[in-house]
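# Structural overview
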Amino acid sequence: MALKFPSSVEECVYFTRRLIKDGKVVAWVFKELCPKCKKSLMGKPKEKGKVKIRAKKYVCESCSYTLPKEEYENTLTTNVQYTCPHCKHEGEIQVPFKRRKMQVFDEEEQKKITAEVVRFQCQKCGQNIDITKKMK
Ligand SMILES: [Zn+2]
Ligand SMILES: [Zn+2]
């Protein structure tokens, strides 16, 4: 499988690079077409030309169709390129962009924190690899 890399962050709802112990993860989620008119990519609403990053909804630029943030994001696909922190396997995988709130151990802060997690399993050793996003 050859994953398509985004040519700019603009194409993505989400893009991250993480180092996880001895492994690493690059993950990105492409914006997808409006399910109603299929003409434009759904994106965060804009105000005076600026994207409102914290908006809780996505809007179609062509027909103004609006979807709540979670509802839209749950239909998307996460593209992941990784080096497994457990067995060093290098792989690529696609998983649903479904984030769960979980308690994870934060290496930087050396304590448990609540984070939104996209979890997937290494294709070789089957162990969990988490892409975490700290809650603010
Ligand atoms: Zn539309
Ligand atoms: Zn592995």
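Below or above, wherever it landed, is the structure these notes cover. (Residues numbered from 1 in each chain as written. Chains lettered and ligands numbered in written order. Predicted model: local features only at pLDDT ≥ 70, side-chain atom pairs only at ≥ 80, totals over all residues.)

With that settled, consider the environment of K133. Examined against the element boundaries, K133 turns out to sit in strand β12 (residues 128-134). Taking the number of C-beta atoms within 10 Å as the measure of exposure, K133 has 13 and is therefore partly exposed. Ignoring sequence-local partners within four residues, the contact set of K133 consists of A115 and E116. (Helix = DSSP H or I, 4+ residues; strand = E, 2+ residues; numbered from the N terminus. Buried ≥ 20, exposed ≤ 12 C-beta atoms within 10 Å, placed from the backbone. Contact = placed C-beta atoms within 7 Å.)

Okay, the nonpolar core next. Counting residues in each nonpolar core, the largest one holds 12 residues, listed as V13, V25, A27, W28, V29, V80, Y82, C84, V118, C122, I129 and I131. Secondary structure elements with two or more residues in this core: β2 (23-30), β8 (77-83) and β12. With 4 residues, the single largest contributor to this core is β2. Formed by 6 residues, the second largest nonpolar core is a distinct cluster that contains C34, Y58, C60 and Y72. (Core = buried A, V, L, I, M, F, W, Y, C linked by C-beta atoms within 7 Å.)

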